[in-house]
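The residues making up each chain are set out below.
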Amino acid sequence: MVDQKKIVLGISCGDISGIGLEILIKSCLNNKLFDFCIPILYAPFMAVNFYKKLYSLDFNYHVIKNVSQASSNKLNIITTHQIDNNIKPGVSCKVNGLVAIDSLKFAVEDLKNNIINVLVTLPINKYNVSLVQPDFVGHTEYLSTFFKSKSLMLLCANNLRVATVTNHVPISKVSSCITPKIIKEKLIILIKLLQIDFLIKKPKIAVLSLNPHAGDNGLIGHEDEKIVKPVIDDFSKNGNLVYGPYSADGFFGSGDYVNFDAVLGMYHDQALIPFKTLSFGKGVNYTAGLPCIRVSPDHGVGYDIAGKEKASVSSFLSACFLAKEIYYNRSIYKNSVQKKDDT
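Report follows, based on the coordinates. (Residues numbered from 1 in each chain as written. Predicted model: local features only at pLDDT ≥ 70, side-chain atom pairs only at ≥ 80, totals over all residues. Heavy atoms only, no water.)

1. With respect to the environment of Ala288
Next up, step 1: Among the structural elements, Ala288 can be located in strand β11 (residues 284–288).
Next up, step 2: For the pair Ala288 and Met153, spaced 135 residues apart in sequence, the C-alpha to C-alpha distance is 6.3 Å.
Next up, step 3: For Ala288, the contacting residues outside a window of four places in its chain are Lys150, Ser151, Leu152, Ile189 and Leu193. (Helix = DSSP H or I, 4+ residues; strand = E, 2+ residues; numbered from the N terminus. Contact = heavy atoms within 4.5 Å.)

Structure, rendered in structure tokens:
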């Protein structure tokens, strides 16, 4: 019988040769996880067995067929694609891609049907997954397509929140992807999520420039003056606290980011390099704009330390805590809207 006082936390297993299952098992040994959630892992239970034996851990789990059978104080496993026991930590292979995408598909179906409350995705090797699903480029894009929703990649660490206009796009194509329409879409999602998921009534947002020094009045490109700034001006005229475009190096170097509720960068590395420099190991990747809640640690598969018992649980636990916070914040926001409608 599922404890209704706890959130049901679905977990996709990611790459079983990476550090994902290690950090999950370590986190389950930390009783803080069971204080607020019922973890449901979608994975071959043999993979969990492998790491349990590798690290000689006194760790028990519960194999179930569906969430209604879940235990409130153990890791629950819904078995997906079965494998042999020949797991090689730190070694990339196609089978791992098959296991990862199967796990994700099972978890997302349960998320869609409200069988689980939130989803935490453990790190994947995108190339491995693309070998079995060629159109796969990342969790964010997969979930956006599945739920037919516009989404936003948001990195969070305490009060530092950094989002991106483009996600996993080659740097050679970034400029052509920056349009007034896409910037507007991302800002709308960002403002809404800050209000609903973080309960910030009037969020203050900084927008970064595409070019160095915000284009230097057209000397280093015209995109910021002709594309980015007009969108910012439109939002400001409509009463939104949206400012910029700011040159990314000076903005982060001077510490200006502390004066804003969120930062919108133009492309992946522009946003993620300063974010991870400031908060690596504690950050969370949140896919905003979806009807559901999906978070993940802010790191990758960690092949270089896989199987060595060196992986930190900090980012994974931060992801779980943030998922819980957003889940309850959405309820608070919904109730506040209903009260306004009733008056």
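Don't stop here, the text continues.
2. Brief notes about the pairing of strand β10 (residues 262–265)
Next up, step 1: The two faces of β10 match: Ala262 and Leu264 on one face and Val263 and Gly265 on the other face are all buried.
Next up, step 2: Pairing analysis gives three bridges linking strand β7 (residues 160–164) to β10, with the strands arranged parallel. In the strand pairing of β10, Val162 is matched with Val263.
Next up, step 3: Note: strand β8 (residues 204–208) against β10, three bridges, orientation parallel. The residue of β10 that forms the bridge with Val207 is Leu264. (Buried < 20%, exposed > 50% of the residue type's maximum accessible area, 1.4 Å probe, protein only. Pairing = 2+ DSSP bridges.)

3. Some points on the pattern of salt bridges
Next up, step 1: Within the structure shown, the criterion is met by four salt bridges.
Next up, step 2: Put simply, Lys26 and Glu22 hold a salt bridge, and the shortest N to O gap is 2.7 Å. With Lys26 and Glu22 both in helix α1 (residues 20–28), this residue pair falls four residues apart, about one helical turn. (Salt bridge = Lys/Arg side-chain N within 4 Å of Asp/Glu carboxyl O.)

4. Points about the pairing of strand β2 (residues 37–42)
Next up, step 1: With respect to burial, β2 is a largely interior element, six of its six residues being buried.
Next up, step 2: Alternating positions in β2 separate into two faces, Cys37, Pro39 and Leu41 on one and Ile38, Ile40 and Tyr42 on the other, with burial throughout.
Next up, step 3: In this sheet, β2 lies alongside strand β1 (residues 7–12) in parallel orientation, the contact comprising six bridges. Opposite Gly10, over in β2, you have Ile40 as the bridge partner.
Next up, step 4: In the sheet, β2 pairs with strand β4 (residues 75–78) via three bridges, with the strands oriented parallel.

5. Thoughts on the packing of helix α4 (residues 94–112) against helix α6 (residues 139–147)
Next up, step 1: Here α4 crosses α6 at 45 degrees, and the two axes come no closer than 12 Å. By the angle between their directions, the pair α4 and α6 is classed as oblique. Crossing handedness for the pair α4 and α6: right-handed. Contacts between α4 and α6 involve Ile101, Leu104, Lys105, Val108, Glu109, Leu111 and Lys112 from the first element and His139, Tyr142, Leu143, Phe146 and Phe147 from the second.
Next up, step 2: Looking at the contact of α4 with α6 residue by residue, the classes come out as eight nonpolar, one polar and three charged. (Axes fitted to C-alpha atoms, helices over the stretch in contact; angles between N-to-C directions. Parallel < 35°, antiparallel > 145°, perpendicular 65-115°, else oblique. Left-handed = near helix turned anticlockwise from the far one by under 90°. Nonpolar A, V, L, I, M, F, W, Y, C, P; charged D, E, K, R; others polar.)

Distances and angles like these do not, on their own, reveal function.
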